[in-house]
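A look at the structure
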Amino acid sequence: MNIQSMIAERFGAALTAMGVEPAEYLDMIRPSQDPKFGDFQANFAMPLGKKLGKAPRDVAADVVERLEYADFLETPEIAGPGFINLRVKTDWLARLTQSESADDRLGVEEVTKPRRYVLDYSAPNVAKPLHVGHIRSTMIGNALAHILKFLGHRVVSDNHLGDWGTQFGMIIYGYRNFLDEVAYKEKPVEELARLYRLVRQLVDYYAAKGQESKLSDAVVEASNRLDAQKAVCADAQARDAAEKTKESKDALKKANKERERLSKALESAREQYDGARSKIDGVEKDPEVFALAKGRESIGQDVLNETSKLHHGNDANCSLWRQFIPQCMKDVERIYWALNVKFDVQLGESFYNDRLPGLVERLKKQGVARETEGAIGLFLPNQEIPMLIQKSDGAYLYATTDLATLEYRRDTFQPDAILYVVDFRQSLHFEQLFEAAKYLDMGNVELKHVKFGTVLGEDGKPFKTRAGKAVELRSLIVEARERAYEIVSANDAARPESERFTEEEKIETARRVGVGALVYADLSQNRESDYVFSYEKMLAMNGNTATYMQYAYARVRSIFAKGGIDVDALRREFADGTRVLTLDEPEERALAFELVKFQNALENVVRDYRPNFLTAYLYELANKYSSFFEKCPVLKAEDETVRMNRLLLCDLTARTIAKGLELLGIQTVERM
Ligand code: ARG
């Protein structure tokens, strides 16, 4: 049940009866900021009054006159210039809460018009270890898949693995040139990752060397230009001091602006040069790597050749690829296991290889793809640059595969919507892809790039290891678990001997707490903003963290354990009407009111695919529970009726938190 929508529906009918198109006004019915003004407030009387040429208070009175409310609302109150304050009847709220408690779905209704969704998330390039950014795509996508399914939509989650790109050319090259056979026998995944990193380093090294002198010239040039502009600025300054006219002032402003621009250009030229230098030093200052680099000037091209041979079905390369993939996948699967993530299908880029030539031919025939500087580009109406779909050497690109994937999904899943949970840096790619989709006969499918920002280190820059490498997701999971283990052990040591965890329980609890913290910290952010990674914050017992939620849940469970309460009997007595829930204390009412907002929170998530609406809801719920718990004794309640009432509220709180966390991909613990 979504009370807010119910209110909106009633207002919609009243406004329509008055001959008013309701949509824009219904958006102005919101939860009240202050309980003084009731539970909801309708603030549209002012704009509507203006439109109708009537006093807002009169308009408000007209609307209320036509409003059908008495079954669940107190008499609406018109306040100030025409605010309509709405208060839900407490006995109605109690009945609703009781009925939601009797429902396995906690009162969350399934949508009447389910849509078919394809969710494209995680999709790592499997030749290299997953890094910190992958938690974002993986967990945001996972949460959206769970929530959409729970609301009754049909969802196919598809892991579009990067199992086919240049990275495999690198591994194949590495395998042929640098393999440590012993290491490969013992730990194949690590050895392949090492080969990938090494070859990548050497490719980057030679690329950087090739560009070094050009980049260094660019720095000199940019610096000269800036110096020249500084002189221009000084002149303009002197002129303006003498003339003080509008013209001289404008000229000075313009000169300074140009200096600003050139100084930024210099900065960026320096950064590029430094970047290249550090790649060069990285190799040349490491004698072992430097020795391997000698004589491999053509490595960049060689790697491309290996990739191209693979894509064109070369036996030797294909058989190596078939040997590597399961090894790479083992590593990826281990992470999914740790994160408790599953997919409905995993169709990687390689799956689409055979479809690419036909697709490009068709687009050429359609007249929308044609040659551009030796390559084949797709010319899109609203895009300046064409989208490349075949390189001059015949190789296909990331975009080509994505187009083939669209067609496959169209034919196989008939989706109403396809969501791509991918880093915001790929925005241009998806803009182009969605434009290009217009040539593919997709019907009116919603295509949406669910973009997300960057994970930052404490220094506010993209989160890197001390050595400047991407932080591996595996190491984050391990450390989060270790830190959680410390917390769990400390809590455990404070318990009487007889109640302590076994070692196994401790490890499992630490796993749930650690991984939960990591995942929740990510999902609780507005997905489009960057956020700073911090173990301390994410594992805090207080605040908007998984730890706090898991703790709130465990606390309820411990009340039931301590009181020796039979939960099933409790639920049954309220479900069959033997008992009737009442909400007598303001904190009980406030908690119940929050509990029945669960569906609303889930609908808010789905509106723009933002899981942080659910974490914010859970946090609010846990806070309402805390206030309730402080004011309203449960096990020591004054009598049996009150006690059972409050136990039901506790139970429903725990179930809502557990369900909410589960939808986010986070497990609960009975004790912590
Ligand atoms: N493998 C890509 C990467 O790591 C992400 C793929 C996202 N999905 C897609 N259909 N393009 O950048």
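Structural data are supplied above this passage.
Residues numbered from 1 in each chain as written. Predicted model: local features only at pLDDT ≥ 70, side-chain atom pairs only at ≥ 80, totals over all residues. Heavy atoms only, no water.

1. Some thoughts on the overall build of the chain
- In terms of regular secondary structure, the chain is built from 25 helices and 13 strands.
- In terms of its C-alpha atoms, the chain occupies a principal-axis envelope of roughly 85 × 80 × 60 Å.
- Split into buried and exposed, the 672 residues of the chain put 50% on the buried side.
- Each charge class in the chain can be summarised by its mean position, and for the 94 positive and 105 negative side chains these summaries are 2 Å apart. (Helix = DSSP H or I, 4+ residues; strand = E, 2+ residues; numbered from the N terminus. Buried < 20%, exposed > 50% of the residue type's maximum accessible area, 1.4 Å probe, protein only. Lys, Arg positive; Asp, Glu negative; His and termini not counted. Charge placed at Lys NZ, Arg CZ, Asp CG, Glu CD.)

2. Structural notes on helix H23 (residues 598-608)
- Listed in full, the buried residues belonging to H23 are Phe-598, Gln-599, Asn-600, Ala-601, Leu-602, Val-605 and Val-606.
- In the core, the buried residues of H23 are packed alongside helix H1 (3-17), strand E5 (116-120), helix H6 (133-150), helix H22 (586-595), helix H24 (612-631) and helix H25 (640-664).
- Residue Tyr-609 follows H23 closely and has a positive phi angle near 55 degrees. (Contact = heavy atoms within 4.5 Å.)

3. Structural notes on the nonpolar core
- Core analysis: the largest hydrophobic core is formed by 168 residues, its most contacted members being Ile-3, Phe-11, Phe-44 and Leu-614.
- With residues up to four places along the chain from it excluded, the contact list for Leu-614 reads Ile-147, Phe-598, Leu-602, Val-605, Gly-660, Leu-663 and Leu-664. (Core = buried A, V, L, I, M, F, W, Y, C linked by side-chain atoms within 4.5 Å.)

4. Comments concerning the site of the ligand
- In the region of the ligand, the neighbouring residues are Asp-120, Ala-123, Asn-125, His-160, Tyr-398, Asp-402, Tyr-420, Val-422, Gln-426 and Phe-430.
- In the model, a nitrogen atom of the ligand is placed 2.9 Å from a nitrogen or oxygen of the Ala-123 main chain.
- Within the side chain of Tyr-398, one N or O atom sits 2.7 Å away from a nitrogen atom of the ligand.
- Relative to its unbound accessible surface of 350 Å², the ligand loses 87% to contact with the protein.
- Breaking the shell around the ligand down by element, the ones donating at least two residues are helix H15 (398-413) and strand E10 (417-423).
- Of the residues assigned to the shell around the ligand, the class counts are five nonpolar, three polar and two charged. (Near = heavy atom within 4 Å. Polar contact = N/O pair within 3.5 Å; in protein donor to acceptor, adjacent residues only side chain to side chain. Areas by Shrake-Rupley, 256 points an atom, 1.4 Å probe, with all protein chains shown as cover. Nonpolar A, V, L, I, M, F, W, Y, C, P; charged D, E, K, R; others polar.)

5. Quick look at the sheet that holds strand E8 (residues 375-378)
- Ordered by their spatial adjacency, three strands build an open sheet running E7-E8-E9, and the pairing between neighbours is antiparallel. Two strands lie at the open edges of the sheet, namely strand E7 (369-372) and strand E9 (387-390), each paired on one side alone. Ignoring strand direction, the axes of neighbouring strands in this sheet form an average angle of 45 degrees.
- Relative to E8, E7 runs antiparallel, the two sharing four bridges. Across the sheet, residue Thr-372 finds its bridge partner in E8, namely Ala-375. (Pairing = 2+ DSSP bridges. Axes fitted to C-alpha atoms, helices over the stretch in contact; angles between N-to-C directions.)

6. Quick look at the sheet that holds strand E11 (residues 446-452)
- Ordered in space as E6-E5-E10-E11, the four strands form an open sheet in which the pairing is parallel. In this open sheet, the two edge strands, each paired with only one partner strand, are strand E6 (154-158) and E11. The sheet shows a mean angle of 20 degrees between the axes of neighbouring strands, direction not considered.
- Helix-sheet contacts for H15 involve E5, E6, E10 and E11, and the interaxial angle to E10 is about 145 degrees.

7. With respect to the side chain of Asp-651
- Its location among the elements puts Asp-651 in helix H25.
- Every residue in contact with Asp-651, bar those within four places of it in the chain, is listed here: Val-556, Phe-560, Val-567, Leu-570 and Arg-571.

8. Quick word on a negative patch on the surface
- A grouping of Asp-584, Glu-585, Glu-638 and Asp-639 is seen on the molecular surface, where their side chains present a negatively charged patch.
- Here Asp-639 is to be found in the loop between H24 and H25.
- Residue class for Asp-639 comes out partly exposed when judged on its relative accessible area of 36%. (Patch = residues over 30% accessible without salt bridge, like charges linked within 9 Å, V, L, I, M, F, W, Y side chains within 5 Å. Salt bridge = Lys/Arg side-chain N within 4 Å of Asp/Glu carboxyl O.)

9. Here's the deal with the pattern of salt bridges
- For the coordinates displayed, the defined rule picks out 54 salt bridges.
- One salt bridge connects Glu-472 with Arg-197, and the closest N-O pair in it is separated by 3.4 Å. Of the two residues, Glu-472 sits in the loop between strand E12 (455-456) and helix H17 (473-493) while Arg-197 sits in helix H9 (residues 188-243), which places them 275 residues apart along the sequence.
- The partly exposed category is assigned to Glu-472, whose relative accessible area is 27%.
- The salt bridge involving Arg-579 is made with Glu-573; its shortest N-O contact spans 2.6 Å.
- One network of salt bridges, in which partners are shared, links Lys-448, Arg-527, Glu-528, Asp-608 and Arg-610.

10. Structural notes on unusual backbone geometry
- The residue Ala-123 is not glycine, and still its phi comes out positive at about 40 degrees.
- In this structure, Ala-123 sits in the loop between E5 and H6.
- We note that Asn-340 has phi near 65 degrees; this positive angle belongs to a residue other than glycine.
- Looking at where Asn-340 falls in the secondary structure, it is placed in the loop between helix H13 (315-339) and helix H14 (356-365).
- Judged by relative accessible area, which is 32%, Asn-340 ranks as partly exposed.

11. Regarding the pairing of strand E4 (residues 83-86)
- Judged from the three bridges that link them, strand E2 (residues 40-42) and E4 form a sheet pairing that is antiparallel. Bridge pairing links Gln-41 to Asn-85 in E4.
- Looking at chain direction, strand E3 (residues 77-79) and E4 are connected through three bridges and run antiparallel. Its bridge partner lying in E4, Ile-78 is registered against Ile-84.
- As consecutive antiparallel partners, E3 and E4 are separated by three residues, and within that stretch Gly-80 has a phi angle of approximately 50 degrees, a positive value.

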